[in-house]
Amino acid sequence: MIKAAFFDIDGTLLSFKTKQMPQSARDAIAKLQAKGIKCVVATGRQLGVMEKLPVGNIPFDGYLTLNGQMMHDREKNLIMGVPLSGKVKEFLIDRFNDHTYPAMIVEEREVYVNYISDHVEAVSRWLGSENPKVRAYEGAEIYQVNAYLRPEEECFLDPIREDAILTRWHFGGMDVIGKGGGKVVGIRKYLERNGILQEETIAFGDAENDMEMIAFAGIGVAMGNAKDSVKACADYVTADVDDDGIAKALQHFGLIE
């Protein structure tokens, strides 16, 4: 019996084409909650940014943000946070300050970049969001850094590759969090807090930072628009986000009608 469903946002609940959430996905989440199944966001996004998206008005039962680095309850109270520290934090702050490449610092409530380039603007358009604000780092806890690096530029992060988790969410960018983090870490804590077993979960995703979550869940679902590597670790591949993929998968498993 499924007791909790975990949803990535970009490319899973939110369409890259329309920048909207299909009505079928909204209805599906409402049906799950009506049956007592907890619906939880598991995203690389920060809570404040997520609230401005078309999914922001959905009353989820929990929020695992910044790739599991932070957990908020249904009322959006902070339950758990794992900030960057040590060598990884120092390295990323140095690169942020010397403008080696565009980078976004993500704090509990603040999100900002060191500078805006044409590349940053292109990624923002693809995400359907405004350019982040430009600001200097002032010493607050950092939970994630989004590096605006193309695949051939990943070498900039080689000095911390062994000490951090690097996951790509777009051709032009990737998330950097501390070792020992990730969406599964957040999911485990959520399950422990709510008395739910691993086999009683279903998870939906489309990108590299969803692979571990999809493999971990009792039922792991890859969207039709997911990369082949993501589909390979899934129990089931559903239709594209724009083709009612969420609803169709839940119907396939008999979780909704």
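In what follows, the structure referred to is the one given above.
This one's a predicted model, so the numbers in the text were calculated from it and none came from an experiment. (Residues numbered from 1 in each chain as written. Predicted model: local features only at pLDDT ≥ 70, side-chain atom pairs only at ≥ 80, totals over all residues. Heavy atoms only, no water.)

(A) Expanded view of the sheet that holds strand β4 (residues 70–73). In spatial order, the strands read β5-β4-β3-β2-β1-β12-β13-β14; together these eight strands make up an open sheet with mixed pairing. Strands at the two margins of the open sheet, each flanked by one partner only, are β5 (78–81) and β14 (236–237). Relative to β14, strand β13 (residues 219–222) runs parallel, the two being bridged by two bridges. Pairing of Ala 222 across the sheet is with Val 237, part of β14. (Pairing = 2+ DSSP bridges. Helix = DSSP H or I, 4+ residues; strand = E, 2+ residues; numbered from the N terminus.)

(B) Fine view of unusual backbone geometry. Its identity as a non-glycine residue notwithstanding, Lys 19 has a phi of 65°, on the positive side. Relative to the helices and strands, Lys 19 is located in the loop between β1 (4–7) and α1 (23–34). Even without glycine at this site, His 99 takes up a positive phi of about 60°. Along the chain, the position of His 99 falls in the loop between α3 (86–98) and β6 (103–106). Judged by its relative accessible area of 40%, His 99 is partly exposed. (Buried < 20%, exposed > 50% of the residue type's maximum accessible area, 1.4 Å probe, protein only.)

(C) Here's a closer look at the pairing of β13. Where burial is concerned, the two faces of β13 agree: the one with Ile 219 and Val 221 and the one with Gly 220 and Ala 222 are both buried. Taken together, the four bridges between strand β12 (residues 201–205) and β13 define a ladder with parallel strand orientation. Bridge pairing in β13 links Ala 203 to Gly 220. Traced from β12 through helix α6 (residues 211–216) to β13, the parallel crossover comes out right-handed. (Right-handed = clockwise from strand over helix to strand, strands pointing away.)

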